[in-house]
Amino acid sequence: MAMTLPHQIGALTGTAIMSDSVATVRAAVSPARRSPATSPRCAARKQGLPAAEIGLRLASLSPPVSPRIGRMRPDLSAACQALMDAPPVMAEEENEGAVVREYKEKGGAQDKSNGVPVYVMMPLDSVTMGNTINRRKAMKASLQALKSAGVEGVMMDVWWGLVEREKPGEYNWGGYSELLEMAKKHGLKVQAVMSFHQCGGNVGDSCTIPLPKWAVEEIDKDPDLAYTDQWGRRNYEYISLSCDTLPVLNGRTPIQCYGDFMRAFRDKFEHLLGDTIVEIQVGMGPAGELRYPSYPEQNGTWKFPGIGAFQSYDKYMLSHLKAAAEAAGKPEWGSTGPTDAGQYNNWPEDTNFFRKEGGGWNSPYGDFFLTWYSQMLLNHGDRILSSAKAIFNNTGVKISVKVAGIHWHYGTRSHAPELTAGYYNTRFHDGYLPIARMLARHGAVFNFTCIEMRDHEQPQDAQCAPEKLVRQVGLATREAQVPLAGENALPRYDEFAHEQILQASSMNIDGEDRYMCAFTYLRMNPHLFQPDNWRRFVAFVKKMKEGKGANRCWEEVEREAEHFVHVTRPLVQEAAVALM
């Protein structure tokens, strides 16, 4: 006998669930509030006002969003996944199917020349530590809901720490096999992330999945396999790139370990490659991003908007630095990294190295060190991509790499947080063009974050400029002729974030719109399925698939999607009450 929705949620989570999200409060407002009256935004557009002026007129309506949002309990994801799995609330299931088909037929088709396909990130703990699907029944229902809303596919982390956890070379694909077949059954494409990093310790991490046990044991034996700052603090999120080519992991190099893992994945899921699995995103560092772990949140080490710290002090990094300094004819520069670059939570002007006037970053030594530090990161990406390209050649999948959207202190001359992360980007030096060119050599996609952010929403004293940063990346990818994809860095469900994503997904560069090849939405969770959020999300997906050229207001698109949303509204409303 089918359980009621509250019973399902309780059984799946094993505990009472409380939601502290602002979106939950919004869910209390009846979705029936919508009116056919023309909104101020629509009226402004019909008057032919430019987007920038419309944004200024409506700026007071946009909620200020901090770049850091309180973390979400991992068990909450069970609720979002359960709500579509409830017993039927509508009179007849056949009627529901007809409504879904009608919505999809009335504009769900993507205009390939303009539209951008939308993927949705799955929960980080979709596969359990026991190598099974987490909340199987709820997962099926959620995938069905996403597919019916017009979503192209999902992104899932394939954790190194789960699959090769016990012994080197032994791979347990349990959970992933079923999850991928589930996606195929629902007609969803998959972006599979080869997650060679630890889960836990970064923004949005809702669970902890360490590196494989045997790899951690090797780091315990030789702590210099971990990234290290100038105070000796070790970081276990990702193995230091300084030992990429050294046989330090039970006789294998880290690059060999990553390659063997990807090869085992290819062999296991060869029948899905190019059809269901359409993209392999290769993990390159903490949070899966091509960067150093310069701003770790774990244990309160770093807090926004601190400048972070260089991670060049393990013995292997120092050995590389020494060799580079000697090759440059400056052996005195090879004994250590900058000693006057401040601490994690300093601001640029607090330090001698990053200060505006006379800072070490803009000196011959600074140029030497920053060039070396960033080139080490580029070499790391080049090595892994060479392996990935050889492994997935002729399988029909794209290969992508994620680059972090480090937008704080972007308005300063030194761009300190970008420098400590490994991006040699200053007022006088483009740090993203070299990355784009490296990706272009391998035919990889440049996946960039912070697409949803607007400059005026961020703390102005920290000179945050995400929009300018996104544009710089757009220019770099255009020059390097590399495809650009995007993600939102933080969970956002409001129209302002959606509209910003739409604008960024087709940036106008020198009079020409440059469209992203895909956008991945963060993330499948209970808040996404709350009534107002779900309605806005459905409209967002439709708008993205139509493309910016459709030139229609959000309100118009939402009204068209309302008929479809009505089918799921009773379930969503009941779920919202259960989550309170």
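Everything quoted here is computed from the prediction, not taken from an experiment.

A. Spotlight on the nonpolar core. Of all hydrophobic cores here, the largest spans 149 residues; its most connected members are Leu 146, Trp 160, Phe 265, Ile 277, Phe 446, Phe 448 and Phe 537. Per-element tally for this core: the top contributor is helix H13 (residues 364-392), with 14 residues.

B. Just the sheet that holds strand S3 (residues 189-195), in detail. Taking strand neighbours around the barrel as the criterion, the eight strands line up as S1-S2-S3-S6-S7-S8-S9-S12 in a closed arrangement whose pairing is parallel. Strand-to-strand twist across the sheet, computed as the mean angle between neighbouring axes with direction ignored, equals 30°. The pairing of S3 with strand S6 (residues 277-282) spans five bridges and is classified as parallel. By the bridge assignment, Ala 192 is partnered in S6 with Ile 280. Sitting on the sheet, helix H9 (residues 176-185) touches strand S2 (153-159), S3 and S6, and the angle it makes with S2 is about 170°.

C. Molecular detail of the packing of aromatic side chains. This structure, assessed with the given rule, holds 40 aromatic pairs. When the ring of Tyr 171 is compared with that of Phe 261, the centres are 6.2 Å apart and the planes differ by 70°; the resulting orientation is edge-to-face. Separated by 90 residues along the polypeptide, Tyr 171 in the loop between helix H8 (160-163) and H9 and Phe 261 in helix H11 (residues 254-268) bring together distant segments of the chain.

D. Highlighting H13. Compared with the 42 Å implied by 1.5 Å per residue over 29 residues, the 41 Å span of H13 between its first and last C-alpha is a close match. Of the residues trailing H13, Asn 394 is marked for its positive phi of about 65°.

E. Main features of the pattern of salt bridges. Applying the stated criterion to the full structure yields 24 salt bridges. A salt bridge links Arg 135 to Asp 125; the shortest N-O distance between them is 3.2 Å. In this pair, Arg 135 is assigned in the loop between strand S1 (118-121) and helix H7 (136-148) and Asp 125 in the loop between S1 and H7, connecting sequence segments 10 residues apart. In this structure, Arg 135 and Asp 125 share a single accessibility class: buried. Where Glu 546 meets Lys 542, a salt bridge forms, and the shortest distance between an N and an O atom there is 3.8 Å. One end of the pair is Glu 546 and the other is Lys 542, both in helix H18 (residues 531-546) and four residues apart, which spans about a single turn. Residue Glu 546 is classed as buried on the basis of its relative accessible area, which comes to 16%. Among the ionic contacts, a cluster of salt bridges with common partners joins Glu 164, Arg 252, Asp 260 and Arg 263.

F. Main features of the packing of H11 against H13. Here H11 crosses H13 at 25°, and the two axes come no closer than 10 Å. Classified by the angle between their axes, H11 and H13 sit roughly parallel to one another. In the crossing of H11 with H13, the sense of the turn from one axis to the other is right-handed. Counting all contacts with H11, which are made through Ile 255, Tyr 258, Gly 259, Met 262, Arg 263, Phe 265 and Arg 266, the residues of H13 involved are Arg 383, Ile 384, Ser 387, Ala 388, Ile 391 and Phe 392. A per-class count over the contact of H11 with H13 returns eight nonpolar, two polar and three charged.

G. Quick look at the pairing of strand S11 (residues 512-515). One ladder, built from four bridges, connects strand S10 (residues 506-509) with S11; its direction is antiparallel. Looking at the pairing, Asn 508 lines up with Asp 513 of S11. Between the end of S10 and the start of S11, which pair antiparallel, lie two residues, with Asp 510 showing a positive phi angle near 55°.

H. Main features of H9. For H9, the set of buried residues is Tyr 176, Leu 179, Leu 180, Met 182 and Ala 183. The buried side chains of H9 occupy one side of the element, clustering within an arc of 155° when seen end-on. Each element contacted by the buried residues of H9 is listed here: H7, S2, H8, S3, H11 and S6. In the segment just after H9, Gly 187 is the residue with positive phi, at about 75°.

I. The arrangement of the packing of helix H12 (residues 315-327) against H13 in detail. In contact at an axis separation of 11 Å, H12 and H13 are set at 130° when each is read in the N-to-C sense. In terms of orientation, H12 lies oblique with respect to H13. Here the hand of the crossing between H12 and H13 comes out right-handed. On H13, the residues that touch Met 317, His 320, Leu 321, Ala 324 and Ala 325 of H12 are Phe 368, Phe 369, Trp 372, Tyr 373 and Met 376. Residues of the contact of H12 with H13, tallied by class, amount to nine nonpolar, one polar and no charged.

Quick notes on the rules
Residues numbered from 1 in each chain as written. Predicted model: local features only at pLDDT ≥ 70, side-chain atom pairs only at ≥ 80, totals over all residues. Heavy atoms only, no water. Core = buried A, V, L, I, M, F, W, Y, C linked by side-chain atoms within 4.5 Å. Buried < 20%, exposed > 50% of the residue type's maximum accessible area, 1.4 Å probe, protein only. Helix = DSSP H or I, 4+ residues; strand = E, 2+ residues; numbered from the N terminus. Pairing = 2+ DSSP bridges. Axes fitted to C-alpha atoms, helices over the stretch in contact; angles between N-to-C directions. Contact = heavy atoms within 4.5 Å. Phe/Tyr/Trp six-rings, centres within 6.5 Å; stacked < 30°, edge-to-face > 60°. Expected span 1.5 Å × (residues − 1). Salt bridge = Lys/Arg side-chain N within 4 Å of Asp/Glu carboxyl O. Parallel < 35°, antiparallel > 145°, perpendicular 65-115°, else oblique. Left-handed = near helix turned anticlockwise from the far one by under 90°. Nonpolar A, V, L, I, M, F, W, Y, C, P; charged D, E, K, R; others polar. Arc of directions from axis to C-beta.

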